[in-house]
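What the coordinates show
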Amino acid sequence: MPTGSEDFDAFYTATAKRLVATVYAVTGDLAEAEDAVQEAYVRAWQRWDRLAREGDPLPWVRTVAVRLAISTWRRTRNRVRAHFRHGPPTEVPGLSVDRVALVGALGELSVEQRQAVVLHHLLDLPVEEVAREAGVSNGAVRTRLHRARKILGERLAETIVTAGRVEGVHHG
């Protein structure tokens, strides 16, 4: 029979990489995402017996990680804005051009809109769960998603047009 430590280790191994990707998509800062996720797992370990008894601990850990990252993001907003103003790094290991464009476009959203988009569209969570994790109403999540989709649509359309021109592709 596995011990609590073995259960936690298996949980961490199965969920950590995707959780870092999720928080990175919300913040646009890989180092901040890794720090927030690590801290969330430390907090989960401290409560592991209770979390394991209550069922799936992932929503709790994800909520803590996203909130920690958002808190850090708010404190360092000017640095993050400068990062996005100057664009993402020219080489982002393991990310396709499309993913880099998406992360850059996500940088145009408010942190609340990014959180809603990442949880709902990238993790396929229902609006109700996004609302619960964000601590807001279902209507607030729907509004954030609507506004975010509009901004993302415009930004990604601009990226496609720019990429087409750069590569010498002409439409018409």
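Refer to the structure above for everything that follows.
Notes on the structure in this doc start here. What you see is a predicted model, and the numbers here were worked out from it, not measured in a lab.

Thresholds, definitions, all that
Counting restarts for each chain, with residues numbered from 1 along the sequence as it is written. Residues qualify for local features only when their pLDDT is at least 70, as the model is predicted, and side-chain atom pairs are given and counted only at 80 or more; totals for whole chains, interfaces and linings, by contrast, use all residues. The basis for the side-chain values is all heavy atoms of the structure; hydrogens and waters are excluded. Geometry of aromatic contacts follows a simple scheme: Phe, Tyr and Trp rings, the Trp one being its six-membered ring, pair when their centres are within 6.5 Å, and the pair is stacked under 30 degrees between planes, edge-to-face over 60, tilted otherwise. Secondary structure elements follow DSSP: runs of H or I of four or more residues count as helices, runs of E of two or more count as strands, with numbering from the N terminus. With a 1.4 Å probe rolled over the protein chains alone, any residue whose accessible area is under 20% of its type maximum counts as buried; one over 50% counts as exposed, and the rest are partly exposed. Angles here are taken between N-to-C directions and fall from 0 to 180 degrees, while the axes themselves are lines fitted to C-alpha atoms, restricted in helices to the stretch in contact. Angle categories are assigned with fixed cut-offs, so that under 35 degrees is roughly parallel, over 145 is roughly antiparallel, 65 to 115 is roughly perpendicular, and the rest are oblique. Take the far helix as your reference; a near helix turned counterclockwise from it by less than a right angle gives a left-handed crossing, and one turned clockwise gives a right-handed crossing. Throughout, a residue-residue contact means that at least one pair of heavy atoms, one from each residue, lies within 4.5 Å. Throughout, the ten residues Ala, Val, Leu, Ile, Met, Phe, Trp, Tyr, Cys and Pro are labelled nonpolar, Asp, Glu, Lys and Arg are labelled charged, and all others, Gly among them, are labelled polar.

Here we look at the packing of aromatic side chains
Considering all chains together, one arrives at seven aromatic pairs under this definition. Note on Phe11 and Tyr41: the rings are 5.8 Å apart at their centroids and 65° apart in plane angle, and the pair reads as edge-to-face. With Phe11 in helix α1 (residues 4-27) and Tyr41 in helix α2 (residues 30-46), this residue pair connects regions lying 30 residues apart in the sequence. You'll find Phe11 and Tyr41 in the same group, each marked buried. Ring centres 5.2 Å apart and planes at 40° place the aromatic pair Phe11 and Trp48 in the tilted group. Placement of Phe11 in helix α1 and of Trp48 in helix α3 (residues 48-54) is noted, with a sequence separation of 37 residues between them.

What to know about unusual backbone geometry
The backbone phi angle of Asp124 is positive, close to 60°, even though this residue is not glycine. Tracing the backbone shows Asp124 in the loop between α7 (111-122) and α8 (127-134). Overall, the relative accessible area of 62% leaves Asp124 in the exposed class.

Details of the packing of α1 against α2
The N-to-C vectors of α1 and α2 enclose an angle of 150°; their axes lie 9 Å apart at closest approach. By the angle between their axes, α1 is roughly antiparallel relative to α2. Note on packing geometry: the crossing formed by α1 with α2 is right-handed. Counting all contacts with α1, which are made through Gly4, Ser5, Phe8, Phe11, Tyr12, Thr15, Ala16, Leu19, Val20, Val23, Tyr24 and Thr27, the residues of α2 involved are Leu30, Ala33, Glu34, Ala36, Val37, Gln38, Tyr41, Ala44 and Trp45. Of the residues that constitute the contact of α1 with α2, the class distribution is 15 nonpolar, five polar and one charged.

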